[in-house]
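# Descriptive structure summary
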Amino acid sequence: VAAHITARLYLFWSVKLITLTTDFGTRDWFVGTMKGVMLGIQPRAAIVDIAHEIPPGDIRAGAFALAASFAYFPKGTIHVAVVDPGVGGERKAIAVQTANYSFVGPDNGVLSWALAREEIKAIRALENKTYFLSPISRTFHGRDIFAPVAAHLSSGVPISKFGPALQNFARLPWPEPRRTGGRVQGEIIYFDRFGNAVTNIRVHDLPSSARKPTRIRMKGRSLPIGEFYQAVAPGRALALNGSSGLLEISVNGGSAAEILKLTIGDQLTVEPR
Amino acid sequence: VAAHITARLYLFWSVKLITLTTDFGTRDWFVGTMKGVMLGIQPRAAIVDIAHEIPPGDIRAGAFALAASFAYFPKGTIHVAVVDPGVGGERKAIAVQTANYSFVGPDNGVLSWALAREEIKAIRALENKTYFLSPISRTFHGRDIFAPVAAHLSSGVPISKFGPALQNFARLPWPEPRRTGGRVQGEIIYFDRFGNAVTNIRVHDLPSSARKPTRIRMKGRSLPIGEFYQAVAPGRALALNGSSGLLEISVNGGSAAEILKLTIGDQLTVEPR
Amino acid sequence: VAAHITARLYLFWSVKLITLTTDFGTRDWFVGTMKGVMLGIQPRAAIVDIAHEIPPGDIRAGAFALAASFAYFPKGTIHVAVVDPGVGGERKAIAVQTANYSFVGPDNGVLSWALAREEIKAIRALENKTYFLSPISRTFHGRDIFAPVAAHLSSGVPISKFGPALQNFARLPWPEPRRTGGRVQGEIIYFDRFGNAVTNIRVHDLPSSARKPTRIRMKGRSLPIGEFYQAVAPGRALALNGSSGLLEISVNGGSAAEILKLTIGDQLTVEPR
């Protein structure tokens, strides 16, 4: 009896982890209502905010935030990402099952950089209104479609119930660095809160001779490589292996974005010795 | 035995949902301490943030955020709203039981637009210090009164324990649109993060001949009606049925507030064909 | 059987409360990934945000936010504070057990104002990589060291497992007010969201003759003492006993910081009658 009850309760009470990545901000009630909808369907959901201050409509920033964070969550987590300037129009809504996670969001590429690192098991268009709120607004599918679908998914509804199988999902192009001889040329793709400039150069992918390059050239400057911020004097710039595995340009104790006057798309070159 | 244990545990472990709507912001520790106080009393509380960036002291903005979101939470949820410029003074503190929810906050109108849509069952003044923190500050009743009362309420303390019955609660006037013939004249009451301008015109309340009006007149402009943002070209304005059921003025891919230079109180007219 | 199961389940399901105080902001994915890491180790963790908008690298502001809030959480809570400009360098990482709580963070003083009010039971350097993520970045120990250590601690790993005992931790000096005769001279140490200016003068520590002083002198002004904001007319300044037990300078319905043009370090004098 005891074992049986324990097993049943374990299933019943096991945590259902759902993450949210949106451009809804936190000054309005939008994210709160999504959580209310989800908890009404699945009261055991543990909902974690990844980011809500994605610039309005900036699909690439949302895709990057999700790709940088999703793999730090336990297997089985359901990741919901809603940066959705085309809400209410022709773009599809999808759920994607991978070897480790489920993903739910608009099919506009916001999921694609995370999905690129996962083994895809199933892709479904979200068309079964049984699992939507009713009525469905034309401007807030986060609340009316994505939140309830994620909650039903976390409650054990099989992904096949949500709509027809799709062969593919929309993919955002990743700005690949260019390689010429031993040189690697890349660009700035993101600034974080601290003003660190994240580049598209994956440190692991650098040719081994360039793993410890002596020079980063950027806007006429030559930057040293360091392992952490205080490897250079306060106020000085350096390049380092950022926490997402991408080369970053930083200033010890300051904002590289401001001090070096950087903008998205600025070019840099890694030159091995 | 199994059934009995399961039933007891279900009661014991069932989720106690509490929402928070405040003007405390998230840069200080205020909201965190409210959660600490609540979890100390009711460790099973699931606390959901609706909004904390209500402009300081803006009771109407708080009332609007709560009214737009409360009904998306499951029955039994306890909604706490604290926008409280009169804290420590003469205004009462109240708890209100409705057919579906409980509400806790200062009696200054911040609860009133949500309560207007609910069937009221009981109104109580919060006066029983047994359920307050001790000592009680004169400037942070969110932490010292509203948080512990909400937590005790979620733990099963009957609302009658908190203080004497009241006959009524403070109500904020809702700015009703004016109707002249088939025309409906309203105004802008809220801007969301995206710069969408929410009006006081409830789309459902428009006369049926006006449900599909051909013209919205606003500041000398004539705006088309659409169903979603991309119904017009990028950068163009439209009016649509917003996600709260109110007519909204939006710009596809932009901020209506900025592009149309709108402010709270700006007038608009819906003119049926 | 029933009692046994209930007891086992109680232990298994009891809430593991962890708080977070950081300068990571909420616009990036940093805090979300910390939560993912923790929930992967301890799925029952209830994680509460105290503050994430601590100004980048401002150890004192982080220490103050933690000191103002930690004691409102139930006994057994694990407090994680990460304001860590020296990340990846020589500063130690520590866990501290006190009579009531556990604290986890860099040993740079960010924990010290909270710890000053607690009875210290054990201090450990975090050196056992068994309890870290692997690989460990050099720039994000919040995710790679502090989050997993806090989660293991909440799962019952004894603090002695994380590394060698330390005799002490780094302490930030607290700016003590000066007393001359009956006068107490202090300074502004923090502004909250509302523009209230928190001083270093603990109201409880004022000489009893000064508990109800008639004058606060500040920048050539004489401010009245009140008990709550509306004790003075709208737009007028006053001094009051703030919610953290420290003397605050406030303006009824406005920002004292803006209206009185205050800055951190501004001096004030409490003069008893």
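Residues numbered from 1 in each chain as written. Chains lettered and ligands numbered in written order. Predicted model: local features only at pLDDT ≥ 70, side-chain atom pairs only at ≥ 80, totals over all residues. Heavy atoms only, no water.

### Focus: the relation of the copies chain B and chain C
For the match of chain B to chain C, the screw axis carries a shift of 0.0 Å, the RMSD comes to 0.1 Å, and the turn is 120°. A rotation of that kind, with that shift, is consistent with a three-fold axis. Comparing interface residues between copies, only 14% of those in chain B also sit at the interface in chain C, which points to a heterologous contact through distinct surfaces. (Least-squares fit on C-alpha atoms with pLDDT ≥ 70 in both. Contact = heavy atoms within 4.5 Å.)

### Let's talk about the interface of chain B and chain C
Tallying the contact residues gives 37 residues for chain B and 35 residues for chain C. Together, the buried faces of chain B and chain C total about 3000 Å²; carbon and sulfur atoms form 65% of this surface. By the criterion of area lost to chain C, the three top residues of chain B are Arg27, Trp29 and Thr139 of chain B, representing 25% of everything that side buries. Summed over the shared surface of chain B and chain C, the result is two salt bridges. Put simply, chain B and chain C have twelve residue pairs in polar contact (both at pLDDT 80 or more) between them. Of all the secondary structure elements, the ones that give two or more residues to the side of chain B that touches chain C are α1 (2-13) and α2 (30-41) of chain B. (Buried area = accessible area lost by both parts, 1.4 Å probe. Salt bridge = Lys/Arg side-chain N within 4 Å of Asp/Glu carboxyl O. Polar contact = N/O pair within 3.5 Å; in protein donor to acceptor, adjacent residues only side chain to side chain. Helix = DSSP H or I, 4+ residues; strand = E, 2+ residues; numbered from the N terminus.)

### Notes on the relation of the copies chain C and chain A
The operation relating chain C to chain A is a screw motion whose rotation component is 120°, with 0.0 Å of axial translation and a residual RMSD of 0.0 Å. Comparing interface residues between copies, only 14% of those in chain C also lie at the interface in chain A; the contact surfaces differ.

### Some thoughts on the sheet that holds strand β6 (residues 120-125) of chain C
Strand order in this open sheet of six strands is β2-β1-β3-β5-β4-β6 (chain C), and the pairing throughout is mixed. Pairing within the sheet leaves two strands with one partner each, and these edge strands are β2 (45-51) and β6 of chain C. The sheet shows a mean angle of 20° between the axes of neighbouring strands, taken without regard to direction. The sheet contacts of α2 of chain B involve β1 (16-22) and β2 of chain C, and relative to β2 of chain C the element is tilted by about 145°. (Pairing = 2+ DSSP bridges. Axes fitted to C-alpha atoms, helices over the stretch in contact; angles between N-to-C directions.)

### Points about the confidence of the model for chain A
When pLDDT is averaged across chain A, the result is 92; 93% of the residues are at 70 or more. Predicted complex metrics record ipTM = 0.92 and pTM = 0.93. (pLDDT = per-residue confidence, 0-100.)

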